[in-house]
Amino acid sequence: MTEIQAIQADIFVAPHATSAQEQPIVAALTALGLSTRVRMLPPRRGPEQLEWLILAALPLQAFLSGLGTKIADDGYRGLQKAVRAVIGGRGSVPDSVPGPPVVLQDPATGLQIVLDADLPEEGYQQLVTLDLTQFELGPVRYDRVQRRWRSDLDEARPR
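Residues numbered from 1 in each chain as written. Predicted model: local features only at pLDDT ≥ 70, side-chain atom pairs only at ≥ 80, totals over all residues. Heavy atoms only, no water.

### Some thoughts on the side chain of R150
Here R150 shows up in strand β7 (residues 148-150). Separated by 3.0 Å, the side chains of R150 and D143 make a polar contact. Beyond its immediate sequence surroundings of up to four residues, R150 is in contact with F135, P139, V140, R141, D143 and E155. (Helix = DSSP H or I, 4+ residues; strand = E, 2+ residues; numbered from the N terminus. Polar contact = N/O pair within 3.5 Å; in protein donor to acceptor, adjacent residues only side chain to side chain. Contact = heavy atoms within 4.5 Å.)

Structure follows, in C-alpha cells:
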C-alpha cells in the first residue's frame, strides 16, 4: 500500500452545496487512491458563516507528497480540474462572481490551504512540492502577484 492509498479524506460539504458540486472532488480524491467519507454540515446561523463550499480534511503533507510522486508532473491536474468543476457548478450564481473556495485542511495542525476557482496552473504545480512546515498559521493562499503560496497571518506576526 502506498502512502497516498493509506490516506483517509473527510469531505465536509456546505449545506447549500449540490451533489454535482461535491462529486468532482470526491471522484478526484478517490481516483488518486484516497479513501473518502462525505459529511453534510448542518446549517449554521449567526455571524460565523461558511467561507467555503467543500472542505477536505486530510493529512496535507502526506497527500501533497503522494500526489507529486504518484503522478509526477501531472499530479496537480486532476485536483485542478475537480476544484474548477466544484466551484463552477454553483447553480444560479453568475460565472463572473467568484464562488466560495474548496479548502484542504490538515486535521492534526488545522492548517488550511485555500483553492480558488481561478488558481493558476503554476499554483497547482507549486502546491505538490510545497513544504507546509514553513507555515504556522493559515489560511495559506496562492499570491498571484508574488507567484507563491503564503500566509498573511504568518507574515504579519511579529518576529
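Read on for the rest.
### Re the layout of surface pockets
Size it by volume and the largest pocket reaches roughly 170 Å³. As for the largest pocket, its lining consists of E51, W52, L55, P101, V103, Q105, Q112, V114, P139 and R141. Within the residue set of the lining of the largest pocket, elements represented by two or more residues are β4 (102-105) and β5 (112-115). Taken together, the residues that form the lining of the largest pocket break down as six nonpolar, two polar and two charged. (1 Å grid on protein atoms, 1.4 Å probe; cavity = no way out; pocket = protein on both sides within 12 Å on 5 of 7 lines; lining within 4 Å. Points joined across faces, edges and corners; volume = space filled by probe spheres on them. Nonpolar A, V, L, I, M, F, W, Y, C, P; charged D, E, K, R; others polar.)

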